[in-house]
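# Examination of the molecular architecture
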Amino acid sequence: MTSNGIPLLSVRDLQICYNTPSGAVRAVNHINLDMERGEVVGIVGETGCGKSTLAHSIPRLLPEPPAQVVGGEIRFEGTDMLSLRNKEVPKYRGTGIAMIFQEPINSLNPSFRIFDQVVEAIKVRKMREAGMEATSAAEPHDYNEPKPPVSHPLREVTATTRRNRFGDIEFDRKELMAEVVEFLSMVRINDPEHILRLYPHELSGGMRQRIMIAMALSEQPRLMIADEPTSALDVTIQAQVLSLMKDLIEEVHTSILFISHDLGVVAEIADRIGVMYAGNLVEIGKAADVFSKPCHPYTQSLLRSFPHGYKTDGKLPTLKGAVPNLTRLPTGCPFRGRCESAMDICATAMPDTIDLGDGHLVSCYLNRKGAA
Ligand SMILES: Nc1ncnc2c1ncn2[C@@H]1O[C@H](COP(=O)(O)OP(=O)(O)OP(=O)(O)O)[C@@H](O)[C@H]1O
Ligand SMILES: [Mg+2]
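First, a word on what this report is: a plain description of the structure on this page. (Residues numbered from 1 in each chain as written. Chains lettered and ligands numbered in written order. Predicted model: local features only at pLDDT ≥ 70, side-chain atom pairs only at ≥ 80, totals over all residues.)

Look at helix α4 (residues 173–186): 20 Å from first C-alpha to last across 14 residues, which is about the 20 Å you get at 1.5 Å a residue. Listed in full, the buried residues belonging to α4 are Glu-179, Val-180, Phe-183, Leu-184 and Met-186. With its buried residues spanning 155 degrees around the axis, α4 presents them on a single face. Opposite its buried face, α4 presents the exposed residues Lys-174 and Ser-185, each directed more than 90 degrees away. (Helix = DSSP H or I, 4+ residues; strand = E, 2+ residues; numbered from the N terminus. Expected span 1.5 Å × (residues − 1). Buried ≥ 20, exposed ≤ 12 C-beta atoms within 10 Å, placed from the backbone. Arc of directions from axis to C-beta.)

Before going further, it helps to examine the environment of Met-35. Within the secondary structure, Met-35 sits in strand β2 (residues 23–35). Considering only alpha carbons, one finds Met-35 and Leu-223, 188 residues apart in sequence, at a separation of 9.3 Å. Those residues in contact with Met-35 that sit more than four places away from it in its chain are Pro-7, Leu-8, Leu-9, Val-41, Ser-255 and Leu-257. (Contact = placed C-beta atoms within 7 Å.)

Around ligand 1, the structure places 16 residues, and the nearest of them are Tyr-18, Thr-47, Lys-51, Ser-52 and Thr-53. Elements supplying a minimum of two residues to the shell around ligand 1: β1 (9–20), β2 and α1 (51–57). Residues of the shell around ligand 1, tallied by class, amount to seven nonpolar, eight polar and one charged. (Near = placed C-beta within 6 Å. Nonpolar A, V, L, I, M, F, W, Y, C, P; charged D, E, K, R; others polar.)

Turning next to the sheet that holds strand β11 (residues 272–277). Read across the open sheet, the eight strands follow the order β6-β9-β10-β3-β11-β12-β14-β13; overall the sheet is mixed. Edge positions in the sheet fall to β6 (97–100) and β13 (354–355), since each of these pairs with one other strand and no more. In terms of strand pairing, β6 meets strand β9 (residues 223–227) through four bridges, oriented parallel. Among the inter-strand pairings, Met-99 is bridged to a residue of β9, identified as Ile-225. On the sheet, helix α10 (residues 297–304) packs against β3 (40–44), β11 and β12 (280–286) and is oriented at approximately 105 degrees with respect to β11. (Pairing = 2+ DSSP bridges. Axes fitted to C-alpha atoms, helices over the stretch in contact; angles between N-to-C directions.)

As a general point, the strands of a sheet are linked pairwise by backbone hydrogen bonds and lie either parallel or antiparallel. If you walk across this open sheet you meet the four strands as β2-β1-β4-β5, and the pairing is antiparallel. Two strands close off the open sheet at either side, each with one partner strand: β2 and β5 (79–80). With nine bridges joining them, β1 and β2 adopt antiparallel strand pairing. By the bridge assignment, Ser-10 is partnered in β2 with Asp-34.

Below is the structure:
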């Protein structure tokens, strides 16, 4: 809850489709999701389940068209995000909602050195602190996909800002340089003086993601949305970046919606875990409950294919079949075609969501009282 008792994030009956020549792709179907301040919620599911669509809809980053919010509501700290006019949306990015993407190379401007990008962020923050309108540099750019909001070093900005006689802010280059160096050191970059002179393409993927993660976190956003931030990195670097992220989360106490197809990664970081299948949130609960008492057959299958996870028979089976085509979803539960426990009733309608207690919710007929 926020200090006035309003949930940080409240998603209600959200429905999103992509209008394509072959029909409407129903990427998000009747999703409800609440988040409290300081929570880390992980969303997992196979490719094409609608995780990114859900994540990008919150800060209004979906490409409309082809995306279309068909129904439902997204409230961030009580604000109805879907009713905002386009020019009002940037106010909620950065210190409100920050975003980290899988491919940091797409989020950094290829034509500027790291120094210039970080410095730009510092300047924008100083201008905001001084009560001036942030320039367009603060808003997402489309290099390949939407750019996360420009953000700033974690620590308090100490460099002084002065105004010239026209009232514009003047920046002291030496102070800015010191801030950029400190900023890069903070994300465990050992030779910041060298790195700040490089262009994004001259950095490794892990290094670029460190910079992006720290830039997003350092704004101290109330909600950070990380869409597969470590998926493009190799395993060792992934572990390092995840560990850095965990340390920084402790420091800034932000809330995070962490998207991943990897249960192992989500298990490392999330307080609660939501499982998506074919555009539906089929199970959500405290991470410990979802791991120890998974109730949806899809969650159980995911955990069985996760080496350290839940196993019923000591084997490590992989889930057969594929996510159904979202333009032609079957009637009833979309998982029934792959479900070993499917019953006749599963073909009739999508099961209601059942509350198993302590915030553990599941949408499956098996969990109804009296179910076989
Ligand atoms: N711009 C688009 N136009 C048409 N269909 C789209 C578009 N973006 C996504 N989709 C479709 O929406 C569905 C959900 O996609 P989404 O990217 O949200 O899934 P995801 O769970 O994030 O997958 P991944 O794990 O591969 O990132 C998929 O069927 C996808 O093909
Ligand atoms: Mg995705």
